[in-house]
Amino acid sequence: MRIEAYNQVQQLFQAKQTAKQEKVAKGGFSDKLQISNLGKDLQVGKQAVRNASDIRKELVDPIKKAVQNGTYSVTPESFAAKLMEKYDEMR
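Residues numbered from 1 in each chain as written. Predicted model: local features only at pLDDT ≥ 70, side-chain atom pairs only at ≥ 80, totals over all residues. Heavy atoms only, no water.

Peer 1: Teacher, can you tell me more about the overall build of the protein chain here?
Peer 2: Looking only at helices and strands, the protein chain features 4 helices and 0 strands. Going from the N terminus to the C terminus, the protein chain shows its helices and strands as α-α-α-α. Taken over 91 residues, the protein chain has a buried fraction of 2%. Roughly 9400 Å² of accessible area belongs to the protein chain as shown, and the carbon and sulfur atoms make up 58% of that amount. (Helix = DSSP H or I, 4+ residues; strand = E, 2+ residues; numbered from the N terminus. Buried < 20%, exposed > 50% of the residue type's maximum accessible area, 1.4 Å probe, protein only. Areas by Shrake-Rupley, 256 points an atom, 1.4 Å probe, with all protein chains shown as cover.)

As structure tokens, then:
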């Protein structure tokens, strides 16, 4: 293994890196991050979803009351139909 060759490659890399830093210092190139309006809207939407409740009380409360009263009933046919409907949506 030739150590001299490694040192030469390392010196070349350092020279390029220094030249790049000088360009930035002189007002040359620099990295910037810009988020588009669509990206900003998506971030707002994601935050709204995170803050929203996972449970829709207006749908759950009547079913919960019916179960507690013993008046909630589901026929096996309607359950099977809903189950197959959800299965078809997943495929």
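So, next bit.
Peer 1: Looking at this model, I keep getting lost on the pattern of salt bridges. Mind explaining?
Peer 2: Pairs can form between side chains of opposite charge once their charged atoms are near each other. Taken as a whole and judged by the stated rule, the model has 2 salt bridges. Taking the shortest distance from any N to any O, the salt bridge between E89 and K86 comes out at 4.0 Å. Placement of the pair is E89 and K86 together in helix α4 (residues 76-90), with a separation of 3 residues, close to one helical turn. Given the relative accessible area of 55%, E89 is considered exposed. For K86, a relative accessible area of 49% translates into the label partly exposed. A salt bridge links D88 to R91; its shortest N-O distance comes to 3.2 Å. (Salt bridge = Lys/Arg side-chain N within 4 Å of Asp/Glu carboxyl O.)

Peer 1: Sorry, what's going on with helix α2 (residues 37-51) here?
Peer 2: Taking 1.5 Å of rise per residue, 15 residues should cover 21 Å, and α2 covers 21 Å from first to last C-alpha, within 8% of that figure. Of all 15 residues that make up α2, 1 are buried, and the element is exposed over most of its length. (Expected span 1.5 Å × (residues − 1).)

Peer 1: Just to check I follow, could you spell out a nonpolar patch on the surface for this structure?
Peer 2: The grouping of I63, V67, Y72, V74, F79 and L83 at the surface amounts to a nonpolar patch, some 580 Å² of accessible area in total. Of all elements in the fold, only α3 (57-69) and α4 reach the threshold of two or more residues within the nonpolar patch. (Patch = residues over 30% accessible without salt bridge, like charges linked within 9 Å, V, L, I, M, F, W, Y side chains within 5 Å.)

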